[in-house]
Amino acid sequence: MILNEKQELFAINVAAGINQTEACINAGYSKNGAAVAACRLMKNPAILARIEELKNQQNGINKKLNNPVKSDVNDVNTESRPTAENNDPLQFLLNVMLDEDSPLKLRVDAAKILMPYKHGRIGETGKKEAAKDAAAQKSRLGGLSARLEQKGLRKVK
């Protein structure tokens, strides 16, 4: 069975001797459910087999396993990441959004952050604002009849 990225990172961290809960957090699982996820992952036979395989490789072949492996969805290779020359955060986000080598999720997040700076929010007024505007308009038109109408009364002729 093929493991996904998080499961593979979890197996690498456990094989390196890291606590199972910490291994889950380092692999990218939520901190709140890391203990439960670790228990669930340790019941998966494919993950257990991968951990044993990694432990066997660790006997002198792969020394990198002693360091915890952290993963984040937003990890980007810092060498290929564009930098803003004038330390302007908007320009930096724009560079990240336009960088084709960056992961798509990172580019979309940068675009979401930049959206309010490029396009203003257009929306309807709410019910309360509309009622307030209508009341102000009626009070400008007339005296007693406008106030009676606001209260739901009719002027008697």
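This text gives an overview of the structure that appears in the document.

Conventions adopted
Residues numbered from 1 in each chain as written. Predicted model: local features only at pLDDT ≥ 70, side-chain atom pairs only at ≥ 80, totals over all residues. Heavy atoms only, no water. Phe/Tyr/Trp six-rings, centres within 6.5 Å; stacked < 30°, edge-to-face > 60°. Lys NZ or Arg CZ within 6 Å of the ring centre and 35° of its normal. Core = buried A, V, L, I, M, F, W, Y, C linked by side-chain atoms within 4.5 Å. Buried < 20%, exposed > 50% of the residue type's maximum accessible area, 1.4 Å probe, protein only. Helix = DSSP H or I, 4+ residues; strand = E, 2+ residues; numbered from the N terminus. Salt bridge = Lys/Arg side-chain N within 4 Å of Asp/Glu carboxyl O. Axes fitted to C-alpha atoms, helices over the stretch in contact; angles between N-to-C directions. Parallel < 35°, antiparallel > 145°, perpendicular 65-115°, else oblique. Contact = heavy atoms within 4.5 Å. Nonpolar A, V, L, I, M, F, W, Y, C, P; charged D, E, K, R; others polar. Arc of directions from axis to C-beta. Polar contact = N/O pair within 3.5 Å; in protein donor to acceptor, adjacent residues only side chain to side chain.

If you walk through the whole model with that rule in mind, you get zero aromatic pairs. For Lys6, the ring lying beneath its charged end belongs to Tyr29, and the centroid distance is 5.1 Å.

A general tendency of soluble globular proteins is for nonpolar side chains to be buried together. In this structure, Phe10, Cys24, Tyr29, Leu41, Ile47 and Ile51 are the most contacted members of the largest nonpolar core, which totals 20 residues. When residues of this core are traced back to their parent elements, those giving at least two are helix 1 (5-15), helix 2 (20-27), helix 3 (34-41) and helix 4 (45-57). The greatest single-element share of this core, amounting to six residues, is contributed by helix 1. Formed by five residues, the second largest nonpolar core is a distinct cluster that contains Leu93, Leu106, Ala110 and Leu114.

Enumeration over the complete set of coordinates arrives at three salt bridges. Ionic pairing is found between Glu8 and Arg50, a salt bridge with its closest N-O pair at 2.7 Å. With a gap of 42 residues between them, Glu8 in helix 1 and Arg50 in helix 4 connect regions that are remote in the sequence. The partner of Lys105 in a salt bridge is Asp109, and the shortest N-O contact between them spans 3.2 Å. You can see Lys105 and its partner Asp109 sitting in helix 6 (residues 104-118), four residues apart, about one turn around the helix. Lys105 gets classed as partly exposed once you look at its relative accessible area, which sits at 43%.

Where helix 2 meets helix 3, the axes come as close as 8 Å, and the angle between the chain directions of the two elements is 100°. One finds that helix 2 runs roughly perpendicular with respect to helix 3. For the pair helix 2 and helix 3, contact is made by Gln20, Thr21, Cys24 and Ile25 and by Ala34, Ala35, Ala37, Ala38 and Leu41, respectively. Of the residues assigned to the contact of helix 2 with helix 3, the class counts are seven nonpolar, two polar and no charged.

With that settled, consider helix 2. Every buried residue of helix 2 is listed here: Ala23, Cys24, Asn26 and Ala27. Around the axis of helix 2, the buried residues are gathered within 165° of arc, so they sit on the same side. Packed against the buried residues of helix 2 are helix 1 and helix 3. Capping the start of helix 2, Asn19 holds a side-chain oxygen 3.0 Å from the backbone nitrogen of Thr21, two or three residues further along. A positive phi of about 115° marks Gly28, the residue just after helix 2.

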